[in-house]
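If you want the building blocks of each chain, they are given just below.
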Amino acid sequence: MKHIQEALGHRSMQIPSDVYSHVSKNIESDSIVKFENHTKKIILGAEKGHKTN
């Protein structure tokens, strides 16, 4: 968030925090879903006797 504040020239952290915090939450949520999907593939592969690399 600090990087956004500096890059856009905001004096206060409040503006970028209010405006851009939802973006961080979406990225985090997407990352969690990708991790879960990857983990499921590994577990299912192991259960079927496939190599998991």
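Residues numbered from 1 in each chain as written. Predicted model: local features only at pLDDT ≥ 70, side-chain atom pairs only at ≥ 80, totals over all residues. Heavy atoms only, no water.

Visitor: Could you give an account of the overall build of the protein, naming the residues involved and the relevant values?
Guide: The helix and strand inventory of the protein stands at two helices and zero strands. Rg of the C-alpha trace for the protein: 19 Å, well past the compact-globule value of 10 Å for 53 residues, more than 25% over. Along the first, second and third principal axes, the C-alpha set of the protein runs to 55 × 15 × 10 Å. Accessible surface, the protein: about 4800 Å² in total, of which carbon and sulfur atoms supply 56%. (Helix = DSSP H or I, 4+ residues; strand = E, 2+ residues; numbered from the N terminus. Rg over C-alpha atoms; globule rule 2.2 N^0.38 Å. Areas by Shrake-Rupley, 256 points an atom, 1.4 Å probe, with all protein chains shown as cover.)

Visitor: Help me get a handle on helix H2 (residues 14–47), residues and values and all.
Guide: Taking 1.5 Å per residue, 34 residues should reach 50 Å; H2 reaches 49 Å between its end C-alpha atoms and fits that length. At Tyr-20, H2 shows its largest kink, close to 50°. One or two steps after H2, the chain reaches Gly-49, where phi turns positive at roughly 85°. (Expected span 1.5 Å × (residues − 1). Bend = angle between axes of the 7 residues up to and from the residue.)

Visitor: Residues and numbers for the environment of His-38, please.
Guide: With respect to the helices and strands, His-38 occurs in helix H2. For His-38, a relative accessible area of 47% translates into the label partly exposed. (Buried < 20%, exposed > 50% of the residue type's maximum accessible area, 1.4 Å probe, protein only.)

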